[in-house]
Amino acid sequence: MATKQENFVTHTSNLMKSVDEDQRLFTAVVLRPEAVDSHGDIYSHDVVKEACHSYTANCMNTNLQHSYELTKADMKIVESYIAPADMSFEEGDVLKGDWIMVAKIENEDLWKACKAGDFTGFSVGCSGLVEELNGS
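Conventions used here
Residue indices follow the written sequence of each chain, beginning from 1 at its first position. Residue-level local features of this predicted model are given only where pLDDT is at least 70; pairs of side-chain atoms are given and counted only at 80 or more, and the full residue set underlies all totals for whole chains, interfaces and linings. Water and hydrogen atoms were dropped before computing side-chain values, which therefore reflect all heavy atoms in the structure. To qualify as a nonpolar core, a set must consist of buried Ala, Val, Leu, Ile, Met, Phe, Trp, Tyr and Cys residues joined through side-chain atoms within 4.5 Å. Exposure categories follow from relative accessible area, calculated using a 1.4 Å probe and restricted to protein chains: below 20% of the type maximum is buried, above 50% is exposed, and the middle band is partly exposed. Here, two residues are considered to be in contact whenever any of their heavy atoms come within 4.5 Å of each other. Put simply, a salt bridge is a Lys or Arg side-chain nitrogen that is within 4 Å of an Asp or Glu carboxyl oxygen. The secondary structure listing takes helices from DSSP runs of H or I that are at least 4 residues long and strands from runs of E that are at least 2 residues long, numbered from the N terminus. Any helix carries an expected span of 1.5 Å times its number of residues minus one. Throughout, the arc means that of the directions going from the helix axis to the C-beta atoms. At least two bridges found by DSSP between two strands is the condition for calling them paired. Angles run from 0 to 180 degrees between N-to-C directions of axes, and those axes are lines fitted to C-alpha atoms, restricted for helices to the stretch in contact.

Participant: Just to check I follow, could you spell out the nonpolar core for this structure?
Facilitator: When a protein is soluble and globular, its nonpolar side chains tend to lie buried together. With 20 residues, the main nonpolar core has Ile105 and Phe122 as its most contacted residues. Residue contacts for Phe122: discarding those within four places in its chain leaves Phe26, Ala28, Val29, Val30, Met75, Met101 and Ala103. Judged by nonpolar contacts, the second largest core, of five residues, contains Val29, Ala83, Val94 and Ile100.

Participant: Whenever I open this one, the pattern of salt bridges confuses me. Can you help?
Facilitator: Between side chains of opposite charge, a pair can form as their charged atoms come close. All chains considered together, the criterion is met by two salt bridges. As a salt-bridge pair, Arg24 and Glu108 come within 3.1 Å of each other at their nearest N and O atoms. One end of the pair, Arg24, is in the loop between strand 3 (17-20) and strand 4 (25-31); the other, Glu108, is in helix 2 (residues 108-116), with 84 residues separating them in the sequence. By relative accessible area, which is 17% here, Arg24 ends up buried.

Participant: Is there a simple way to think about the environment of Ser123 in this case?
Facilitator: Mapping Ser123 onto the fold places it in the segment after helix 2. For Ser123 and Leu31, which are 92 residues apart along the polypeptide, the C-alpha to C-alpha distance reads 7.8 Å.

Participant: Can you help me understand helix 1 (residues 45-58) in this one?
Facilitator: Each full turn of the α-helix corresponds to 3.6 residues, which orients residues three or four apart in the same direction. Between the first and last C-alpha of helix 1 there are 20 Å, a value that for 14 residues agrees with the 20 Å anticipated at 1.5 Å per step. Turning to helix 1, its buried residues are Val48, Cys52 and Tyr55. In an axial view of helix 1, the angular spread of the buried residues amounts to 70°, which keeps them on one side of the axis. Turned more than 90 degrees from where helix 1 packs its buried face, Asp46, Glu50, Ala57 and Asn58 sit exposed.

Participant: Before we go on, may I ask you to explain the sheet that holds strand 4 in this structure?
Facilitator: Strand pairing in a sheet takes place through backbone hydrogen bonds and is either antiparallel or parallel in direction. In spatial order, the strands read 3-4-10-7; together these four strands make up an open sheet with antiparallel pairing. Across the chains shown, the open sheet's two edge strands, defined by having one partner strand only, are strand 3 and strand 7 (75-82). In this sheet, adjacent strand axes meet at a mean angle of 20° when their direction is disregarded. Here strand 4 pairs with strand 10 (residues 99-105) via six bridges, running antiparallel. Residue pairing in the sheet places Thr27 in a bridge with Val102 of strand 10.

And the structure:
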């Protein structure tokens, strides 16, 4: 479900996250296109797709809270893709065009945080050009 708020579209459905305890996999939405993020920014479908492809082709590094670098021995990205269709999970929704990432968690403390719900998802740390909307 989407709502209009000052010419921005905000999605009121939960972003999906999932913990597979047998395989130690953590899955979550990285970016949702055409939705306001926690910084008030909106990314187009093309920008989300480009970010996903660029990250997968050129980076695959991980960290915690944009400061503590993790090694592949701590957390390894095993999937990174754009959702081809809407999907529903017990722990939230994935919308067509969402950037989804799956991580294999090897670090014991991080795995405990995933299972406890303290590690809640992925965040993009990047730089880019910002376009001001509504004259603000």
